[in-house]
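Fold and contact review
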Amino acid sequence: VQLVESGGGLVQAGGSLRLSCVASGSIFSINAMGWYRQAPGKQREWVAAITTGGSTNYADSVKGRFTISRDNAKNTVYLQMNSLKPGDTAIYYCGADLYTGPERTWYWGQGTQVTVSS
């Protein structure tokens, strides 16, 4: 199983980016999917999550600016990030709670860098 993120980059404050994460491999089904981020010198923190049915939750720091969505047919989760701030600079990781046959495991992507300049 692989989770591959894309869409990171350098953007000015106030700008937008859209991250994508595709899950592939021997996947039976995917439960929740989410986005996390880790800034230099800080612990990884949760950003947003979405259930199979489309229910969403957000960290207070991104609520109203970020939108998580998913395409179940494509095993893909997205993170639309608007009104970006320098404090959003981090490596963004996607994660998925999924079944590979009878086993249920959380998988991580390799991360994509987001840099917001002031």
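A brief structural summary. Chains are numbered independently. Their residues run from 1 in the order of the written sequence. Given that the model is predicted, a residue must reach a pLDDT of at least 70 before its local features are reported, and side-chain atom pairs must reach 80 or more before they are shown or counted; all residues, however, enter totals for whole chains, interfaces and linings. The side-chain values count all of the structure's non-hydrogen atoms but skip hydrogen atoms and water molecules.

Take the sheet that holds strand β1 (residues 2-6) next. Pairing between the strands of a sheet is mediated by backbone hydrogen bonds and can be parallel or antiparallel. Spatial strand order, β1-β3-β8-β7: four strands in an open sheet with antiparallel pairing. Both edges of this open sheet fall to β1 and β7 (66-71), since each of them pairs with a single strand only. Neighbouring strand axes in the sheet, compared pairwise and without regard to direction, differ in orientation by 15° on average. Across six bridges, β7 lies against strand β8 (residues 76-81) in antiparallel orientation. Bridge assignment links F66 to a residue of β8, and that residue is M81. If DSSP finds at least two bridges between two strands, the strands pair. Strands here mean DSSP runs of E at least two residues long; helices mean DSSP runs of H or I at least four residues long; both are numbered from the N terminus. Fitted lines through C-alpha atoms give the axes, limited to the stretch in contact for helices. The angle between two N-to-C directions lies from 0 to 180 degrees.

What follows deals with the nonpolar core. To define a nonpolar core, start from buried Ala, Val, Leu, Ile, Met, Phe, Trp, Tyr and Cys residues and group those joined through side-chain atoms within 4.5 Å. In this scheme, a residue with accessible area under 20% of its type's maximum is buried, one over 50% is exposed, and one in between is partly exposed, where area comes from a 1.4 Å probe on protein chains only. Among the nonpolar cores identified, the biggest contains 30 residues, and W35, L79, M81 and Y92 are the most heavily contacted of them. Broken down by secondary-structure element, the contributors of at least two residues to this core are β3 (17-24), β4 (29-38), β5 (45-50), β7, β8, β9 (90-100) and β11 (112-117). The dominant element in this core, judged by the number of residues it contributes, is β9, at five residues.

Another aspect to go through is the packing of aromatic side chains. Note on ring pairs: Phe, Tyr and Trp rings are taken, using the six-membered ring of Trp, and paired if centres are within 6.5 Å. Classes follow the plane angle, with under 30 degrees stacked, over 60 edge-to-face and the rest tilted. One pass over the structure, following the stated rule, counts three aromatic pairs. Judged by centre distance (6.2 Å) and plane angle (80°), the rings of Y36 and W106 are edge-to-face. Residue Y36 is located in strand β4, and its partner W106 is located in strand β10 (residues 103-108); the two are separated by 70 residues in the primary sequence. Classification of W106 as partly exposed rests on a relative accessible area of 33%. Stacked on the ring of Y78, the Lys or Arg R18 has its end atom at 4.1 Å from the ring centre. Working rule: Lys NZ or Arg CZ, within 6 Å of ring centre, within 35 degrees of ring normal, means a charge sits over the ring.

Let us now look at the pattern of salt bridges. Any carboxyl oxygen of Asp or Glu within 4 Å of a side-chain nitrogen of Lys or Arg constitutes a salt bridge here. Under the definition given, this model contains five salt bridges. For D60, the salt bridge identified is with K63, shortest N-O distance 3.2 Å. Classification of D60 as exposed rests on a relative accessible area of 66%. A salt bridge links R65 to D88; its shortest N-O distance comes to 2.8 Å. Residue R65 is located in the loop between β6 (56-58) and β7, and its partner D88 is located in the loop between β8 and β9; the two are separated by 23 residues in the primary sequence. Look at D88 and you get buried, because its relative accessible area is 2%.

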